[in-house]
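Chain by chain, the residues:
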Amino acid sequence: ARYTGNLLQSLLWGDEDQGAAAVGHMKRRHTVVRGDRADGEAYSAEDPELQLWVWATLVDTSKEVFERFARAFQPEEKESFYQ
């Protein structure tokens, strides 16, 4: 969880180089995450649909935590955050 938080922070608030480094690290770490689901279907952390779902939940949770413990986003900040 600590690494996920650091990577998320780099992706959301870092500069372009920090974001690119975070993406590269994430891709390398996820290449070995594979297995079989309970229904017998293969699972891979490199699956783009699964990555999108995880990204969406992390971004939304980050927004919720920020707004709960720091302050509410202004409408233009919220749009920028999602972009």
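For the structure, see preceding data.
Residues numbered from 1 in each chain as written. Predicted model: local features only at pLDDT ≥ 70, side-chain atom pairs only at ≥ 80, totals over all residues. Heavy atoms only, no water.

1. Considerations on the overall build of the chain
1) Next: Counting its secondary structure elements, the chain contains 4 helices and 2 strands.
2) Next: Listed N to C, the secondary structure of the chain is α-α-β-β-α-α in terms of helices and strands.
3) Next: Taking 83 residues into account, the globule formula puts the C-alpha radius of gyration at 12 Å, and the chain, at 15 Å, lies well above it.
4) Next: Across its three principal directions, the C-alpha atoms of the chain cover 45 × 30 × 20 Å. (Helix = DSSP H or I, 4+ residues; strand = E, 2+ residues; numbered from the N terminus. Rg over C-alpha atoms; globule rule 2.2 N^0.38 Å.)

2. What about the environment of Leu 50?
1) Next: Summarising the element assignment, Leu 50 is placed in helix H3 (residues 48-69).
2) Next: A relative accessible area of 35% places Leu 50 in the partly exposed class. (Buried < 20%, exposed > 50% of the residue type's maximum accessible area, 1.4 Å probe, protein only.)

3. With respect to the pattern of salt bridges
1) Next: All told, the structure shown has 5 salt bridges when counted by the stated rule.
2) Next: Note that Glu 46 and Arg 34 form a salt bridge whose closest N and O atoms lie 2.6 Å from each other. Remark: Arg 34 occurs in strand E1 (residues 34-36) and Glu 46 occurs in the loop between strand E2 (42-44) and H3; sequence separation between them is 12 residues.
3) Next: Look at Glu 46 and you get partly exposed, because its relative accessible area is 35%.
4) Next: Residue classification places Arg 34 among the exposed positions, given a relative accessible area of 52%.
5) Next: Between Glu 64 and Lys 63 there is a salt bridge; the shortest N-O distance is 2.7 Å. (Salt bridge = Lys/Arg side-chain N within 4 Å of Asp/Glu carboxyl O.)

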